[in-house]
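Observations on the three-dimensional arrangement
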Amino acid sequence: MTAEELWKKSGLTGEYEAWGFGDDELTELVSSGKKTATSSAYACYEAEEEDLPEVGETSILLDDNDDAICIMRTTKVYTVPFKEVSAEHAAKEGEGDLSLDYWREVHKEFFTEELEEIGESFSEDMLVVCEEFEVINV
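On a predicted model such as this, the values are computed, not experimentally measured, just so you know. (Residues numbered from 1 in each chain as written. Predicted model: local features only at pLDDT ≥ 70, side-chain atom pairs only at ≥ 80, totals over all residues. Heavy atoms only, no water.)

Quick word on the nonpolar core
What counts here: Residues grouped as a nonpolar core are buried Ala, Val, Leu, Ile, Met, Phe, Trp, Tyr and Cys residues, joined through side-chain atoms within 4.5 Å. Accessible area is worked out with a 1.4 Å probe on protein chains only. A residue is then buried under 20% of its type maximum, exposed over 50%, and partly exposed in between. Every helix listed is a DSSP run of H or I at least four residues long, and every strand listed is a run of E at least two residues long, numbered separately from the N terminus. Here, two residues are considered to be in contact whenever any of their heavy atoms come within 4.5 Å of each other.
Core analysis: the largest hydrophobic core is formed by 14 residues, its most contacted members being Phe82, Trp103, Phe111, Leu115, Met126 and Val128. When contributions to this core are tallied by element, the ones reaching two or more residues are α5 (100-116) and β5 (127-136). When residues of this core are assigned to their parent elements, the largest contribution, four residues, is made by α5. Those residues in contact with valine 128 that lie beyond four places of it in its chain are Ser39, Ser40, Tyr42, Tyr78, Thr79, Val80, Phe82, Val85 and Phe111. Grouped together as the second largest cluster of nonpolar side chains are eight residues, Trp7, Ile60, Ala68 and Ile136 included.

A look at the environment of leucine 98
In this fold, leucine 98 is placed in the loop between α4 (87-92) and α5. As a C-alpha pair, leucine 98 and alanine 87 span eleven residues in sequence and 8.3 Å in three-dimensional space. For leucine 98, the residues in contact, after removing those within four places along its chain, are Ala87, Ala90 and Ala91.

Focus on the pairing of strand β3 (residues 58-62)
Under the convention used in this document: Strand pairing follows a simple DSSP-based rule, namely that at least 2 bridges must link the two strands.
Along β3, five of the five residues are buried, which leaves the element largely enclosed by surrounding structure. By the alternation rule, side chains of β3 split into Thr58, Ile60 and Leu62 and Ser59 and Leu61, which are all buried. Where β3 and strand β4 (residues 68-81) come together, five bridges link them in antiparallel fashion. Bridge pairing in β4 places isoleucine 60 opposite isoleucine 71. Turn length for the β3-β4 hairpin, with the two strands adjacent in sequence and antiparallel, is five residues, and the turn residue aspartate 66 shows positive phi of about 65 degrees.

Some remarks on a negative patch on the surface
Here is the rule we go by: Patches here: salt-bridge-free residues with over 30% relative accessible area, like charges joined within 9 Å, nonpolar side chains (Val, Leu, Ile, Met, Phe, Trp, Tyr) joined within 5 Å. In short, Shrake-Rupley with a 1.4 Å probe defines the accessible areas, and a residue's cover is counted only from the protein chains shown. Any Lys or Arg side-chain nitrogen located within 4 Å of an Asp or Glu carboxyl oxygen qualifies as a salt bridge. Positive charges are assigned to Lys and Arg, negative charges to Asp and Glu, while His and the chain termini are left out of the count. Here the site of a charge means NZ on Lys, CZ on Arg, CG on Asp, or CD on Glu.
Where like charges cluster on the molecular surface, the negative patch consists of Asp23, Asp24, Glu25, Glu28, Asp64, Asp66 and Asp67. Along the polypeptide, aspartate 24 turns up in helix α2 (residues 24-31). By relative accessible area, aspartate 24 is classed as partly exposed at 32%.

Re helix α1 (residues 3-10)
We apply this condition: Note that the arc is computed from the directions linking the helix axis to the C-beta atoms.
If you check which residues of α1 are buried, you get Ala3, Leu6 and Trp7. Looking straight down α1, one finds its buried side chains confined to an arc of 100 degrees; they lie on one side. Away from the buried face of α1 by more than 90 degrees, exposed residues Lys8 and Lys9 are located. Those residues of α1 that are buried are in contact with β1 (17-19), β3 and β4.

A look at α5
As a reminder, the rule being used: By definition here, a helix of n residues has an expected span of 1.5 Å times n minus one.
Its 17 residues place the ends of α5 23 Å apart at the C-alpha level, agreeing with the 24 Å of an ideal helix rising 1.5 Å per residue. Looking at α5, one finds that the buried residues are Leu100, Trp103, His107, Phe111 and Leu115. For α5, the elements touching its buried residues are β2 (37-41), α3 (42-47), α4 and β5.

Concerning unusual backbone geometry
Of note in the backbone geometry, glutamate 49 takes a positive phi value of approximately 50 degrees without being a glycine. By the secondary structure assignment, glutamate 49 is in the loop between α3 and β3. One non-glycine residue, leucine 98, lies in positive phi territory at about 70 degrees.

That's the geometry; what it means functionally is another story.
Right, dumping it as structure tokens:
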């Protein structure tokens, strides 16, 4: 199903953004209800001149084939240094053993690669955009 088809089926109105994690494992965690949060490097928003997510925004999650999987609504957004991301947020991301240690390990690697693409480098003090969301059942 396309994003447009899912949006029409939902009966929701207004604007939405369709996007994907680029990783079907993460997409599955969202659709199963295990993943209710995500995080991004603040520097990437700046480099791409993108607005930060806002509470109440609605988006359609796409899989690696650009098929619409579910509709998500942002419920919380905040920015903290990497070293201050909480164990609670790490668990809400639904990955690995849900621990903060696991989150730090995989996100340090992910952010390092992502930041290199924009000419930046990873730091424990770098800002992370933490976003929480809910899946809207259609």
